[in-house]
Structures are given as structure tokens and as C-alpha cells.
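Residue strings, one per chain:
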Amino acid sequence: MTEKETVQLQDTLEEKFPGAITRDERQGYEGYIVETAKLVEIAKSLRDDMGYDYLSSVTGVDYLPDDKMEVVYHLYRSAGGPALTLKVQTPRDDSVVPSLVSIYPGADFQEREAWDLLGIRFEGHPDLRRILLWDGFHGHPLRKDWQEPFFEAEGKPFKSRWPQGEIRRIEDTHPFGKNVHYPSEFTPEGWVPEGEAALYSSLGKIDHGNGNNKQGLETDQIVVNLGPQHPSTHGVFRMVVTLDGEEIVGLKPVMGYLHRNHEKIGERNTYLMNMPFTDRLDYLCSMSNNFGYALAVEKLMGIKPPERAEYIRVIMAELTRVVNHIWAIGFLLNDLGAFFTPMLYVINERELILDIFEAVSGSRMMCNYFRFGGVARDIPEDALETIKILVNERLPRKVDELDLYLTGNEIVQTRAIGVGVLTKQQALANSAAGPVLRASGVPYDVRRADPYSIYDRFDFDVVVRYNGDVYDRYLVRLEEIRQSLRILKQAVESIPAGEIQTGKPQYQVRVPAGEAYGRVEAPKGELGFYVVSNGKPNPWRYHVRAPSFINLTPLEEMSIGQKIADVVAILGSIDIVLGETDR
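Residues numbered from 1 in each chain as written. Predicted model: local features only at pLDDT ≥ 70, side-chain atom pairs only at ≥ 80, totals over all residues. Heavy atoms only, no water.

Enquirer: What's the story with the overall build of the protein in this structure? I'm lost.
Expert: In terms of regular secondary structure, the protein is built from 20 helices and 15 strands. Computed over its C-alpha atoms, the radius of gyration of the protein comes to 24 Å, within 12% of the 25 Å expected for a compact globule of 583 residues. Residues classed as buried in the protein amount to 57% of the 583 residues present. For the protein, restricting intrachain contacts to residue pairs at least 6 apart in sequence, the fraction spanning at least 24 positions comes to 68%. (Helix = DSSP H or I, 4+ residues; strand = E, 2+ residues; numbered from the N terminus. Rg over C-alpha atoms; globule rule 2.2 N^0.38 Å. Buried < 20%, exposed > 50% of the residue type's maximum accessible area, 1.4 Å probe, protein only. Contact = heavy atoms within 4.5 Å.)

This is the structure:
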């Protein structure tokens, strides 16, 4: 947003809501601080009158020294353009903020996450329960005064490791039994999981009026748990489903079984220590994870990578998109019942790309390759030649083969067309991203809508379909592979010689105080990193806007009215990874 546009927007907002909205004047910060009581009214006006119809990210920040909590919202126009950032501030001891679920349903899971981890209560939220932690958990672990049982220090490197080097197991100094904090009057033997009761009651009871279903048959509704240990859930993920016969009439996703408080770890790490931790989010898309985090910290540092490093980053990101999408297509066919034949075809191609990742980074999956201001090492010449052969010859043929074998297959079409429909309005309202959003008729791609790195130099199309079903989500991914190959062909032909790092490699970086939101069009959708620095070696706040997590928000809407067998295909078409969902 230009300075002129910023001033115009500020004038409009201040004129419309006098005294309720002010520019955030803190050094290194941007956006607007909103009066709590006016938040819903302002959000509705921004959506309906100013075109900010897409709520990307909601998170909280604990400003312990100032005794306040802050909720941060990143809003966008689906037509494109930069973020509008809103903030609401509340006292720490009474952190209550109006829920925006009625305006932006995509705030649902994100507000529950902020309640779960930070203890910010969202008044008016339709289902405010814990979402990542078990319902008997005591406290809110992202609060700055919360300490885990094996707490050692606020920030790394811990002095016991460096510089003293007196490494010891903390478990040895805290014997088992003294390392668990229970709420008062709590006993493990007498505990009744209230959260489970709240979960089941949130499903509700569907009343057909005459006790019969729409076929006129007398049926009972039953609740069935799919997962968390189930091959169709793509990991430890659970769906609590209410069935009327075989028809789904209610569904609640349950996640958090893989949660390890990634963000708390990120706030203890130094900035550079976090890079390999981003690999473990969407562990199929390490390079894209590195990319988003690097952009956020580079904004704070005010640096840009050299030209060659920018090209290398784009090449790695687009190879990652190809890897992800062929993997997603293979697993979707598993979910439809093909049982591994298509999967084996795509694994073969994936392994060839992982050979490239290993050649440039030393690792096939956890690459830890990007650095602030560039990349860790250059592409070997033979690896660049291999990439040229892959993107010009082999991969286009293999994508055409997938298309030939799968797209017209009558079983694929029968199981996918018209199944799990998500309309354009629903997709935008629920903050869906990536292929899930574009398959519903919204041509929104961060690489075009708000370009980063050097994506504005490449010729490619934003792939969009309009039916919003399982079949269109498959077709979008298939065509996006072809568009990635278009970008790769241009990048490998025009990559310049030169440096791959701005300045010299550093083990510790100086990050000025302020905030930054770095986002990329990751294969599963918008992946964003919101980072707040207080000028010290560790981030004050480190938040991941995870597309696998947020894309599950409309899962219930997509599943209502479908058969129980269809929910497996619907979940597969969303394409989640639990490392990113749960963090």
C-alpha cells in the first residue's frame, strides 16, 4: 500500500469512526489500533464497504511488561493488494475481545487457538473450547509468565549448553512426579473430561420433525468417531460425525494430538534456530516453510537477498509445489480406493526432486536451506542441469500421464464430482486458501495478489475452477503443477551468476524492534509468519498462520448432506499435514 493510499484509508476510517481507530505509532509497527467496543462494527464496514472480504490471520500477543494483551488481525481484499492490520488491546487479567466469527467465519479456529494458548476470551464465539491442548490442561502456555514443568530459562542458548557446556538432563534434577502441574482439587483418577461433553453437545441434534429421515424411513442418529488412529485421516486427526443413516448431519474436527507448542519453542529459540523448526511444520514442504519465515525476519531486518539467491528460492519453492501436489493427488486416489497404484507412480517422480533437495541442502525432507538474506549454499552445476532435464522433459510427460489415467476415469469422476462442494462465498468467508480457495472460483494467489521475492517477473496463470468440489480441487492441483513447471523453465534459463547471501553468514542476527508478517503461497495455501521483535536475540512473538489448520474450518459445511464414505475423499481433497495443523 502506497503512503498516499495509507493516508486516504486512515482518513476514511477516522472520519467514519472518530476516536475509535488510531494509527499504530510504535516504532517498527504498522496498522491501526481499534477500540474494543467498536471492533465488530469496524470489521463489518471494512468487509462490506471497503472490500476487505478475506481475513487471513488472527493471533494474540502477550505484552507482559505493559500488562496487556493484543489481538492482531490481517485483512486482505480478494481482488489483491497488501494487508490491512487491525489490533485490539485488553488488560492481561481480563482479556476479553468480541468474536468476529459472525463477520468472518474463518476466525473460528483461530480465535479458539488464541483462547487455548493465550487465554484471550472471545465474547460471542459460538463454540469457544480448547482446540490444540487437551481439555484438562492447566493454564495458557503462550503467556509469558507460564513455565513448563522442565523450564530452564526464557531464551536459548541455555547457559548449561553454551558457553559453559555443562550439559545435563533436566529430568535428573526434577524427578518424575514433581514435574507435573495440576489445577487445584484435580486428581487424575477422578477427572471427568468436560471438553468431551462440550464437543459432543456442540454437534447438536438434528430434528426431522416427524422422526423420519428424508427418505421417510425411521432412523436413529448416531455419533461415530473417525480417528485419531485411522488411515483415512492422514495422521492423528479425528472427526466426530453425527450420522442419520449414512448421511452426515453434523461434524466436528478434533486436532491437537500432535501439538508440541511449536510457537513457544520458537519464542525461546534465537531467530536462526527457528529455521530448521519450520521444516517440521508441513514436513513435505520444507523449502516453502523456510521461505515464509525468512521473508518475515528479512522485513524486520530491512535486507534483501542477492539476485541469484532470489532465483534459487523460487526454483526450490516451485519444485516443492510439484512435490506436494503429486503427493496430494496420489493420496487422494488412495482415499478414493485406488490403493497405492497412482501413489507409486507419483512417489517415483517425487524421489527425483528430493534428489535435487539433497544435492543443494544435504537433506531430502528437513532441508534447513534458506538463510536471512539468501540461502545456505549454491546450486551445484550438475544439479541445475538435472533440474532443466526434469522440468523440460520428464515431468511434463509424467503430468500428462497422470491426467490421461485419472481425469477421465469414471470412478474418479463418480466419487469426486459434486462431492464436498464449497461455494465461492463460503470459501472466502471461512478464510480458505490455496487450491481449496481457487477451486471454489476465487482466483487468489499470493504470488499474484501481493507479489513477494521475484514472482512478478514470471509468466504464469492463476489456476481457478468454479464448482468447488473434490474433482475441481484435484484439477486445480494438476494444472498448478504445469504452471510451476512454466515458472521453473523461465527461472532455470535466466538465473544469473553472483552471490547467494547478503553480507556474511551469521550464527546470530540482529533484528530491530518491530513487527512483520511474511507470507508466501505455499502449496497448501497462504503460509504466514507473524514475528514481533523487542530487539533481543529471541523473538518476542512467533506465530504461524498454517493453511492446513485454517482450511479445516469449512470441513463441516463441505460434509453436511454427504455420505460417510465421502468425508474421507473430502478430507483428502483439502490436503492437510498434521505437523502444520497441530504445530
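Enquirer: Is there a simple way to think about the pattern of salt bridges in this case?
Expert: Side-chain pairs of opposite charge can arise whenever the charged atoms involved come near each other. Inspection of the entire model under this criterion finds 48 salt bridges. The salt bridge involving Asp 49 is made with Lys 16; its shortest N-O contact spans 2.6 Å. Pair noted here: Asp 49 is in the loop between α2 (39–48) and β3 (54–63) and Lys 16 is in helix α1 (residues 3–16), with a separation of 33 residues, a long-range link. Judged by its relative accessible area of 40%, Lys 16 is partly exposed. One salt bridge connects Lys 87 with Glu 515, and the closest N-O pair in it is separated by 2.5 Å. With Lys 87 in strand β5 (residues 84–91) and Glu 515 in strand β13 (residues 514–522), this residue pair connects regions lying 428 residues apart in the sequence. There is no split in this pair, since Lys 87 and Glu 515 are both buried. Taken together, the shared-partner salt bridges in this structure form one network comprising Glu 318, Arg 321, Arg 438, Asp 445, Arg 447, Glu 480 and Glu 521. (Salt bridge = Lys/Arg side-chain N within 4 Å of Asp/Glu carboxyl O.)

Enquirer: In this structure, what is going on with the domain arrangement of the protein? I would like to understand it.
Expert: Bring the parts together and some accessible area is lost; that lost area is often taken as the interface size. The assigned domain composition of the protein is domain 1 (3–123) and domain 2 (262–582). Using C-alpha coordinates to define each centre, domain 1 is positioned 27 Å away from domain 2. Taken together, the contact pairs 34 residues of domain 1 with 28 residues of domain 2. Taken together, the two surfaces of domain 1 and domain 2 that pack against each other cover about 2400 Å², and 56% of this comes from carbon and sulfur. (Domains from an automatic or database assignment. Buried area = accessible area lost by both parts, 1.4 Å probe.)

Enquirer: Could you clarify how one ought to interpret a negative patch on the surface in this entry?
Expert: A contiguous patch of negative charge on the surface is contributed by Asp 66, Asp 67, Asp 93 and Asp 94. Within the element layout of this structure, Asp 93 appears in the loop between β5 and β6 (96–98). (Patch = residues over 30% accessible without salt bridge, like charges linked within 9 Å, V, L, I, M, F, W, Y side chains within 5 Å. Areas by Shrake-Rupley, 256 points an atom, 1.4 Å probe, with all protein chains shown as cover. Lys, Arg positive; Asp, Glu negative; His and termini not counted. Charge placed at Lys NZ, Arg CZ, Asp CG, Glu CD.)

Enquirer: Help me out: how do you make sense of the nonpolar core in this one?
Expert: Buried together is how nonpolar side chains tend to be arranged in soluble globular proteins. Grouped together as the largest cluster of nonpolar side chains are 165 residues, with contacts concentrated most on Tyr 73, Met 316 and Tyr 369. No other element matches the 14 residues that helix α9 (residues 307–335) contributes to this core. When residues of this core are assigned to domains, at least three map to each of domain 1 (3–123) and domain 2 (262–582). Apart from the residues within four sequence positions on either side, Tyr 73 is in contact with Leu 39, Leu 55, Ser 57, Val 58, Leu 84, Thr 85, Leu 86, Val 88, Val 97, Pro 98, Leu 100 and Phe 122. (Core = buried A, V, L, I, M, F, W, Y, C linked by side-chain atoms within 4.5 Å.)

Enquirer: What exactly am I supposed to notice about the sheet that holds strand β15 (residues 541–545) here?
Expert: Paired through their backbone hydrogen bonds, the strands of a sheet run either parallel or antiparallel. Reading across from one edge, β13-β14-β15 is the order of the 3 strands in this open sheet, with antiparallel pairing throughout. Two strands close off the open sheet at either side, each with one partner strand: β13 and β15. Across the sheet, the mean angle separating the axes of adjacent strands is 10 degrees when strand polarity is ignored. In this structure, strand β14 (residues 525–533) lies alongside β15, joined through 5 bridges in antiparallel fashion. Its bridge partner being in β15, Gly 528 is matched across the sheet by Arg 545. (Pairing = 2+ DSSP bridges. Axes fitted to C-alpha atoms, helices over the stretch in contact; angles between N-to-C directions.)

Enquirer: What is the right way to look at the sheet that holds strand β10 (residues 247–254) in this model?
Expert: The 3 strands are arranged β8-β9-β10 in an open sheet whose pairing can be described as antiparallel. On the outer flanks of this sheet lie β8 (221–226) and β10, each paired with one strand and no other. Strand-to-strand, the axes of this sheet are offset by a mean angle of 20 degrees, without reference to chain direction. Of the pairings in the sheet, the one linking β8 to strand β9 (residues 238–244) comprises 6 bridges and is antiparallel in character.

Enquirer: What is the right way to read the side chain of Asp 282 from this model?
Expert: As for its position among the elements, Asp 282 is in the loop between α7 (274–279) and α8 (286–301). Aside from chain neighbours lying at most four places away, what touches Asp 282 is Asn 289, Asn 324, Lys 524, Val 577 and Glu 580.

Enquirer: Looking at this structure, I do not really get the packing of helix α11 (residues 381–407) against helix α16 (residues 470–494). What am I missing?
Expert: Any two packed helices are characterised by how steeply their axes cross, that is the angle between the axes, and by the distance between the axes. For the pair α11 and α16, interaxial distance at closest approach is 10 Å and the crossing angle is 160 degrees. One finds that α11 runs roughly antiparallel with respect to α16. When the axes of α11 and α16 are compared, the crossing they make is left-handed. Here the contact of α11 with α16 is composed, by residue class, of 16 nonpolar, 2 polar and 6 charged. (Parallel < 35°, antiparallel > 145°, perpendicular 65-115°, else oblique. Left-handed = near helix turned anticlockwise from the far one by under 90°. Nonpolar A, V, L, I, M, F, W, Y, C, P; charged D, E, K, R; others polar.)

Enquirer: Where do I start with α16 in this structure?
Expert: Owing to its 3.6 residues per turn, the α-helix brings residues three or four apart onto one side. The end-to-end C-alpha distance of α16, which contains 25 residues, comes to 37 Å, matching closely the 36 Å that a straight helix rising 1.5 Å per residue would cover. Judged by how many residues are buried, α16 sits mostly within the fold: 18 of 25 residues are covered. (Expected span 1.5 Å × (residues − 1).)

Enquirer: How should the packing of aromatic side chains be read in this particular structure?
Expert: The way to describe two aromatic rings as a pair is by their centre distance and the angle between their planes. The full count for this structure, using the stated rule, is 16 aromatic pairs. Measuring from centroid to centroid gives 5.2 Å for Trp 327 and Phe 331, while their planes differ by 75 degrees, and the two rings are edge-to-face. Separated by 4 residues within a single helix, Trp 327 and Phe 331 lie in helix α9, roughly one turn from each other. For Phe 331, a relative accessible area of 27% gives the class partly exposed. Between Tyr 452 and Tyr 455 the ring centres are 5.1 Å apart and the planes differ by 65 degrees, which places this aromatic pair in the edge-to-face class. (Phe/Tyr/Trp six-rings, centres within 6.5 Å; stacked < 30°, edge-to-face > 60°.)

Enquirer: Please clarify how the packing of helix α10 (residues 341–361) against α11 should be interpreted in this entry.
Expert: Where α10 meets α11, the closest approach of the two axes is 11 Å, and the angle between their N-to-C directions is 165 degrees. Between α10 and α11, the angle falls in the class roughly antiparallel. The two elements α10 and α11 cross, and the hand of that crossing is left-handed. Facing α10, whose interface residues are Pro 342, Val 346, Asn 348, Glu 349, Leu 352, Ile 353, Ile 356 and Ala 359, α11 presents Ala 383, Thr 386, Ile 387, Leu 390, Arg 394, Leu 395, Lys 398, Leu 402 and Leu 406. Of the residues assigned to the contact of α10 with α11, the class counts are 12 nonpolar, 2 polar and 3 charged.

Enquirer: Mind showing me how you'd approach helix α19 (residues 564–574) here?
Expert: Judged by how many residues are buried, α19 sits mostly within the fold: 9 of 11 residues are covered. When we look at burial in α19, the residues that qualify are Asp 566, Val 567, Val 568, Ala 569, Ile 570, Leu 571, Gly 572, Ser 573 and Ile 574. Looking at the residues trailing α19, positive phi occurs at Asp 575, about 70 degrees.

Enquirer: Can you walk me through unusual backbone geometry in this structure?
Expert: The step from Lys 156 to Pro 157 runs through a cis peptide bond, and the omega angle for that step is 0 degrees. Positionally, Pro 157 belongs in the loop between β7 (121–123) and α4 (170–173). One non-glycine residue, Ser 431, lies in the positive phi region at around 60 degrees. Within the secondary structure, Ser 431 is located in the loop between α13 (424–429) and α14 (435–438). Note on Ser 431: relative accessible area 0%, which makes it buried. One non-glycine residue, Arg 583, lies in the positive phi region at around 55 degrees. With respect to the helices, strands and loops of the structure, Arg 583 is situated in the segment after α20 (578–582). Residue class for Arg 583 comes out buried when judged on its relative accessible area of 2%.

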